[in-house]
Amino acid sequence: MAVTNGLSVDIEEWFQVGAFERTIARGDWDSLESRVEHNTGLVLDLFAQAGVTGTFFTLGWVAARHPALIRRIVAAGHEIASHGWDHTRVFTMDAAAFRDDLRRARIALEDAGGVAVTGYRAPSFSIDARTPWAHRVLAEEGYAYSSSVAPIAHDHYGWRDSPRYAWRPLADAPLIELPVTVAEIAGRRLATGGGFFRLLPAALTDFAVRQVNGAGQPAIFYFHPWEVDPGQPRVRHAPLRSKLRHYSRLGAMAGKLAALVRRHRWGRIDAIAAAR
Ligand SMILES: [Zn+2]
């Protein structure tokens, strides 16, 4: 029987990405054009048309400002999980600050959605070798699973020597880590999902999904609502490299996603975690 893969969307605004963190000040966020409700609506329509459900890792900051969007996601049968409060990366915090961030986000998400939050994804996959306390804090805060590690070497993130498939980081707690899927070619790990899916041929993602399913494992795929929004405001003063990554092929993304979700079997990550 075909393996059910994890379909996930990281719900954040176009200006809340790592690429623009030195260009756009947090204090200016509330004065910028909000596009998250519209863009997430496009994603919800796309999933409904394909008949798939998935996990929406959402910032508490977004939930506090757009509670109707959270209710809409829940009503459509998707999982609401946490992406932290305001996209502060875990390796920039200590354990106490991380705990505060988790609590603040969870209150906003659960207040808006009316359902329990049991999953967490670190902003920019920022749980790595620098944060040995992070999984412990997640377990203590009652999370069932995390999908916060990129088992790869990358210029902005990654934990190269961590397991490629689902693992239990703690000996005395059931918390499971479901790392984002990487392809393995000739001993090298290649990133998939997000900008990699948008910028590279879809065949690479198909290869990765089939490769991990062949090992009896679920793939964990992710993208962002701003990636289906060619009309988003352009940030002129960001580094060229960041702009190239952020703006390329936005117009082709929705069609590419619609085809991908039909080529494999997908579901919510909480169900995948519970089955392992
Ligand atoms: Zn994010």
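As the structure is a prediction and not an experimental result, all values here were calculated from the model.

Cut-off values and rules
- Starting afresh in each chain, residues are numbered from 1 along the sequence in its written order.
- Whole-chain, interface and lining totals are the exception, using all residues; otherwise, since this is a predicted model, local features are given only for residues with pLDDT of at least 70 and side-chain atom pairs are given and counted only at 80 or more.
- Excluding hydrogens and water, the side-chain values take into account all heavy atoms of the structure.
- A pair is scored as a salt bridge if a Lys or Arg side-chain nitrogen falls within 4 Å of a carboxyl oxygen belonging to Asp or Glu.
- Counting from the N terminus, the helices are the DSSP runs of H or I reaching at least four residues and the strands are the DSSP runs of E reaching at least two.
- Any residue under 20% of the maximum accessible area for its type is buried, any over 50% is exposed, and the rest in between are partly exposed; the area is computed with a 1.4 Å probe on protein chains only.
- Counted as donors are N, O and S atoms no farther than 2.8 Å from the metal, or 3.2 Å for Na, K and Ca; water is not among the atoms, and sites may therefore look incomplete.
- To get an axis, a line is fitted to the C-alpha atoms, and for a helix only the part in contact is used. The angle between two axes follows their N-to-C directions and goes from 0 to 180 degrees.
- Each crossing gets its handedness from the near helix: less than a right angle anticlockwise from the far helix is left-handed, clockwise is right-handed.
- Should any heavy atoms of two residues lie within 4.5 Å, those residues are considered in contact.
- Under the grouping applied here, Gly and all other residues not named as nonpolar or charged are polar, the nonpolar ones being Ala, Val, Leu, Ile, Met, Phe, Trp, Tyr, Cys and Pro and the charged ones Asp, Glu, Lys and Arg.
- Two rings belonging to Phe, Tyr or Trp (six-membered ring only in the last case) form a pair when the distance between their centres is within 6.5 Å. Interplanar angles under 30 degrees mark stacking, angles over 60 mark edge-to-face geometry, and anything in between is tilted.
- Either the NZ atom of lysine or the CZ atom of arginine qualifies as a charge over a ring when it sits within 6 Å of the ring centre and within 35 degrees of the ring normal.

Caption draft 1: Region of interest: the pattern of salt bridges. Throughout the structure, instances matching the rule amount to 18 salt bridges. For Arg121, the salt bridge goes to Asp10, with nearest N and O atoms at 2.9 Å. Taken as a pair, Arg121 in the loop between β4 (119–120) and α5 (134–140) and Asp10 in strand β1 (residues 5–11) lie far apart in primary sequence, 111 residues in all. Taking relative accessible area as the criterion, Arg121 reaches 0% and is therefore assigned buried. Residue classification places Asp10 among the buried positions, given a relative accessible area of 2%. Its salt-bridge partner being Arg130, residue Asp128 comes within 2.7 Å of it at the nearest N-O pair.

Caption draft 2: Structural view of the coordination of the zinc ion. Coordination of the zinc ion by the protein comes from Glu12 (OE), His83 (NE2) and His87 (NE2), over a distance range of 2.0 to 2.1 Å. We note that the donor set of the zinc ion lies within a single chain, spaced as E-x70-H-x3-H. Here Glu12 is found in the loop between β1 and α1 (36–50), whereas its partner His83 is found in the loop between β3 (79–82) and α4 (95–113), with 71 residues between them in sequence. Look at Glu12 and you get buried, because its relative accessible area is 2%.

Caption draft 3: Focus on the packing of α1 against helix α9 (residues 250–263). The geometry of α1 relative to α9 is characterised by a closest axis approach of 10 Å and an angle of 35° between their N-to-C directions. The two elements α1 and α9 meet at a crossing, and its hand is right-handed. Counting all contacts with α1, which are made through Leu46, Phe47, Gln49 and Ala50, the residues of α9 involved are Ala254, Leu257, Ala258, Val261 and Arg262. Partitioned by chemical class, the residues of the contact of α1 with α9 number seven nonpolar, one polar and one charged.

Caption draft 4: Spatial organisation of the packing of aromatic side chains. The full count for this structure, using the stated rule, is 16 aromatic pairs. When the centroid spacing of 6.2 Å and the interplanar angle of 85° are considered together, the rings of Phe15 and Trp61 count as edge-to-face. A residue pair is termed long-range when its members are at least 10 positions apart, and Phe15 in the loop between β1 and α1 and Trp61 in helix α2 (residues 60–65) qualify at 46 residues. Like Trp61, Phe15 is buried. Geometrically, the ring pair formed by Phe47 and Phe56 is edge-to-face, given 5.9 Å between the ring centres and 75° between the ring planes. Residue class for Phe47 comes out buried when judged on its relative accessible area of 0%. Note that Arg65 overlies the ring of Trp61, its terminal NZ or CZ placed 3.8 Å from the centroid. The side chain of Arg106 reaches across the aromatic face of Tyr143, ending 4.5 Å from its centre.

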